[in-house]
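# Descriptive analysis of the structure
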Amino acid sequence: MRTRPTLTWSPSGPPLPRTSDLTEVVGLVERGGVLVLSGAGLSTESGIPDYRGEGGSLRRHTPMTYEEFTTSAAGRQRYWARSHVGWRTIARAHPNAGHRAVTRLGERLSGVITQNVDGLHQAAGTRDVVELHGGLDRVVCLGCGLLSPRAELDRRLREANPDFAATTTEINPDGDVFLPEEQVRGFAVVDCSACGGVLKPDVVFFGENVPRPRVEQCYDLVAVAKSLLVLGSSLTVMSGLRFVRRAAETGLPVAIINRGETRGDRYATVRVDLPLGAALTELADAVERLAL
């Protein structure tokens, strides 16, 4: 079953108290067993804008949905033309101070679940990351299920479109960009080299369900954690919010570091409103000092 994509969320009632003091979060992390749940806000300092923050891409861009991709050849052509341009920016992006700070906290963490598809946690050296929504560095065939590297597809698309020279100054968290229709028209989409089937990035599109085994893996991580730390996510979509709810239901402390309100604020024991890079660097520094 496919779900109707949730693109926006509006707070109800007065905002809950927020702070710029990391003391309580430092205490949680120092005790260890912290499960991290990260979102697009963690990657903004790497040049990849988020969906819903100030200047977020949803103000200008409607993401590709699973239904449109699987039912519309024109939709797939538009997606692959735009994503072919966007992939160059994603592939060149580097981890920022926030990603590096999460890696520094490694011994205090019980796991990392990321809603991001950019691979920057892994590039920073964080191990055993669960990619809740998949990764843009892989492509899957909807016919035979073959997984292949995005770099291979990039090469094939370049060969199939030798005169395609579109560029952009804006990219979205899903690697999509805006291109005028005249630049999309005529873009040649390639099929699976093994079976001729439709190729799709190995990511969960809006309106597509996260694979059930992956969901259960994340619930298992919640079950063994001592606390949950949410980083840079508005928690608008249920795919991430459900783990915050589960943590709160089982009595785990939930800390959120994010710019602005989130859909999960009422489940949190502490809500910190700070830029992620500086806040996580300060957090890692404080935890390391306590360990001396």
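Before reading further, recall that the structure is shown in the block above.
### With respect to the packing of helix α8 (residues 212–224) against helix α9 (residues 238–249)
Where α8 contacts α9, the two axes come as close as 10 Å, and the packing angle between them is 35 degrees. Here the hand of the crossing between α8 and α9 comes out right-handed. Every residue of α9 that contacts α8 at R212, V215, C218, Y219 and V222 is listed here: R242, F243, R246 and A247. Classifying every residue of the contact of α8 with α9 gives six nonpolar, no polar and three charged.

### Remarks on empty space enclosed by the protein
Tallied over the full model, the rule gives one cavity of 30 Å³ or more. Approximately 30 Å³ is the volume attributed to the largest cavity. Lining the largest cavity are V25, L28, V29, V34, S227, L228, L229 and A255. Breaking the lining of the largest cavity down by element, the ones donating at least two residues are α1 (23–31) and β7 (227–231). Here the residues of the lining of the largest cavity are counted per class, giving seven nonpolar, one polar and no charged.

### Some thoughts on the environment of D265
Along the chain, D265 turns up in the loop between β8 (254–257) and β9 (270–272). The class for D265 is buried, based on a relative accessible area of 4%. A C-alpha to C-alpha distance of 9.8 Å links D265 and P11, two positions 254 residues apart in sequence. Ignoring sequence-local partners within four residues, the contact set of D265 consists of L16, R18, I256 and R271. A polar contact is formed between the side chain of D265 and the side chain of R18, at a distance of 2.9 Å.

### Some details on the state of the cysteines
This structure, assessed with the given rule, holds zero disulfides. With no disulfide of its own, C144 has C195 as its nearest cysteine by sulfur position, at a separation of 3.7 Å.

### A closer look at the sheet that holds strand β4 (residues 134–141)
Read across the open sheet, the three strands follow the order β5-β4-β6; overall the sheet is antiparallel. One side of each edge strand has no neighbouring strand; the edge strands of this open sheet are β5 (147–149) and β6 (199–203). Averaged over all pairs of adjacent strands, the angle between their axes in this sheet comes to 45 degrees, without regard to strand direction. Pairing geometry for β4 and β6, over four bridges, is antiparallel. Pairing of C141 across the sheet is with L199, part of β6.

Conventions and cut-offs
- Residues numbered from 1 in each chain as written.
- Predicted model: local features only at pLDDT ≥ 70, side-chain atom pairs only at ≥ 80, totals over all residues.
- Heavy atoms only, no water.
- Axes fitted to C-alpha atoms, helices over the stretch in contact; angles between N-to-C directions.
- Helix = DSSP H or I, 4+ residues; strand = E, 2+ residues; numbered from the N terminus.
- Left-handed = near helix turned anticlockwise from the far one by under 90°.
- Contact = heavy atoms within 4.5 Å.
- Nonpolar A, V, L, I, M, F, W, Y, C, P; charged D, E, K, R; others polar.
- 1 Å grid on protein atoms, 1.4 Å probe; cavity = no way out; pocket = protein on both sides within 12 Å on 5 of 7 lines; lining within 4 Å.
- Points joined across faces, edges and corners; volume = space filled by probe spheres on them.
- Buried < 20%, exposed > 50% of the residue type's maximum accessible area, 1.4 Å probe, protein only.
- Polar contact = N/O pair within 3.5 Å; in protein donor to acceptor, adjacent residues only side chain to side chain.
- Disulfide = S-S within 2.5 Å.
- Pairing = 2+ DSSP bridges.

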